[in-house]
Amino acid sequence: TVTSTAIGRVSSVFKLCVGTPRQGMLAPTSRGRIDLNPKLLNRDTVLGLEQYSHVWIVFAFHLNNKDGVSPNQMRQNYASKISPPALNGAKVGVFSTRSPHRPNPIGFTLARLERVEIPNKTKQGRFCLHLCGLDLVDGTPVLDIKPYVPHYDSVGYKDVSPASSLPISDEVRIPNWVRTGLAKRRPVAFSHTAEEQLQELVRMGRLQYYNQKSFVDRTTDGCETMNLARKCIIDVLSVDVRSAWQERKLLERAVSTQQIDNVLVYFSVSNTPSTNSNSSIFNDVDETEGTEFVEILKIQETTWNDAK
């Protein structure tokens, strides 16, 4: 038996599992933070961490639990085979996937470290890590944090410095279904209405993670903040990895929703591009069979409970 205690919890733009990217690097403008537990950790635990650009986060899939089902029962009843979205119904072993439903519901992910915030000597202020490129749902328990070092965390990494004596390996192998799944991007466009609604919400500072108070954006006129919020929405919807059954439902529905930050995004998915969008992105897309087009119809401010 192994017992672990969460050292912190994630606060994130993603409030629900559905629609959250399978890897944060696929949505590099997504934002969040890890609020560290000051009762377990002190300021010294993050000393020097700001010298790294990225961190590994070890966490627990806390939303796997079902009402009335104990953790032991969950471990005994996990599925040995998983049907990843990219396989269109075919199955592979659970250890060949990144599925959250595993014998032990533990995951790890890579995120960009924007800055480290520590309380002052009178313990005033946040004790947290600000992150970008995050794929974790709000409230996720964090078990450990480790710095990312490409020399031994990335297979095939080449250090061109004369002092490097580490061996180099170029032999990285992945299944074709993973390769094609990573390459899949659905074209996404904003309607005129959605574009204006998002711009107004950003201007009013209604988003939690896309405003000058929560993150240090490089400009003060709000243009960059708007572009980052817009790109996050596009990234999330373009790589949306729902199951084959959920994908069919998206095509059947006139309108679907996705909560990102403090907004509820209303969008439609179809096999034909819309002519009402505010973008010419659809004009450059080859309408091959199976291509799905996403149009963002409107954006409204919301709360977590409203989206449930």
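Right above here is the structure, for reference.
Residues numbered from 1 in each chain as written. Predicted model: local features only at pLDDT ≥ 70, side-chain atom pairs only at ≥ 80, totals over all residues. Heavy atoms only, no water.

Student: Looking at this structure, I do not really get the sheet that holds strand E10 (residues 256-260). What am I missing?
Tutor: Spatially, E9-E12-E11-E10 is the arrangement adopted by the four strands of the open sheet, whose pairing is mixed. What marks the edges here is a single partner per strand, and that holds for strand E9 (188-190) and E10. This sheet shows a mean twist of 35° between the axes of neighbouring strands, independent of strand direction. Where E10 and strand E11 (residues 263-270) come together, five bridges link them in antiparallel fashion. Opposite Gln259, over in E11, you have Leu264 as the bridge partner. (Pairing = 2+ DSSP bridges. Helix = DSSP H or I, 4+ residues; strand = E, 2+ residues; numbered from the N terminus. Axes fitted to C-alpha atoms, helices over the stretch in contact; angles between N-to-C directions.)

Student: Even after reading the chapter, I still don't get a nonpolar patch on the surface, so can you show me in this structure?
Tutor: Taken together, the side chains of Val155, Val172, Ile174 and Leu182 make up a nonpolar region of the molecular surface, amounting to roughly 340 Å² of accessible area. Within the element layout of this structure, Ile174 appears in the loop between helix H2 (150-153) and helix H3 (176-183). (Patch = residues over 30% accessible without salt bridge, like charges linked within 9 Å, V, L, I, M, F, W, Y side chains within 5 Å. Areas by Shrake-Rupley, 256 points an atom, 1.4 Å probe, with all protein chains shown as cover. Salt bridge = Lys/Arg side-chain N within 4 Å of Asp/Glu carboxyl O.)

Student: Where do I start with the pairing of strand E1 (residues 8-12) in this structure?
Tutor: A regular strand carries its side chains on alternate faces of the sheet. In terms of burial, E1 is largely enclosed, as four of its five residues are buried. Relative to strand E2 (residues 31-36), E1 runs antiparallel, the two sharing five bridges. Residue pairing for E2: Ser12 is matched across the bridge by Gly32. Relative to strand E8 (residues 141-147), E1 is paired through two bridges, and the arrangement is antiparallel. Looking at the pairing, Arg9 lines up with Pro141 of E8. (Buried < 20%, exposed > 50% of the residue type's maximum accessible area, 1.4 Å probe, protein only.)

Student: Help me understand the packing of helix H4 (residues 192-203) against helix H5 (residues 223-238), please; the structure alone is not making it clear to me.
Tutor: Each pair of packed helices can be summarised by the angle the axes make with each other and by the distance between the axes. In the contact formed by H4 and H5, the axes pass within 10 Å of each other and the chain directions differ by 130°. On the basis of their axis angle, the class for H4 and H5 is oblique. Crossing of H4 against H5: the hand is right-handed. Across the interface between the two elements, Glu195, Leu198, Gln199 and Val202 from H4 touch Thr225, Met226, Ala229, Arg230 and Ile233 from H5. For the contact of H4 with H5, a count of residues per class yields five nonpolar, two polar and two charged. (Parallel < 35°, antiparallel > 145°, perpendicular 65-115°, else oblique. Left-handed = near helix turned anticlockwise from the far one by under 90°. Contact = heavy atoms within 4.5 Å. Nonpolar A, V, L, I, M, F, W, Y, C, P; charged D, E, K, R; others polar.)

Student: I keep staring at the nonpolar core and nothing clicks. Help me out?
Tutor: For soluble globular proteins, the rule of thumb is that nonpolar side chains tend to be buried together. Ranked by internal contacts, the top residues of the largest apolar core, which has 28 residues, are Ile233, Ile296 and Ile299. Of all the secondary-structure elements, those providing two or more residues to this core are E9, H4, H5, E11 and strand E12 (293-301). The dominant element in this core, judged by the number of residues it contributes, is H5, at eight residues. Discounting chain neighbours no more than four positions away, the residues touching Ile299 are Phe190, Ala194, Gln197, Leu198, Leu201, Ile233, Val263, Leu264 and Val265. Within the second largest apolar cluster, 19 residues are counted, among which are Ile7, Val10, Leu36 and Leu49. (Core = buried A, V, L, I, M, F, W, Y, C linked by side-chain atoms within 4.5 Å.)

Student: In this structure, what is going on with the environment of Tyr52? I would like to understand it.
Tutor: Mapped onto the fold, Tyr52 is located in the loop between E2 and strand E3 (54-60). Given the relative accessible area of 33%, Tyr52 is considered partly exposed. The spacing of Tyr52 and Arg115 is 63 residues in sequence and 9.7 Å in space, taken between C-alpha atoms. Beyond its immediate sequence surroundings of up to four residues, Tyr52 is in contact with Leu113, Pro147, Tyr148 and Val149.

Student: Is there a simple way to explain the environment of Leu16 in this structure?
Tutor: Take Leu16: it is sitting in the loop between E1 and E2. Since its relative accessible area comes to 29%, Leu16 is described here as partly exposed. Between the alpha carbons of Leu16 and Leu136 there is a distance of 9.5 Å; along the sequence they are 120 residues apart.

Student: I would appreciate a short explanation of the sheet that holds E1 in the present structure.
Tutor: Strand pairing in a sheet takes place through backbone hydrogen bonds and is either antiparallel or parallel in direction. Pairing is antiparallel around the closed barrel formed by six strands, whose spatial order is E1-E2-E7-E6-E3-E8. With strand direction ignored, the average angle separating the axes of adjacent strands in the sheet is 45°. Pairing of strand E6 (residues 106-117) with strand E7 (residues 128-132), which is carried by five bridges, proceeds in the antiparallel orientation. If you follow Arg112 over to E7, its bridge partner there is Cys132.

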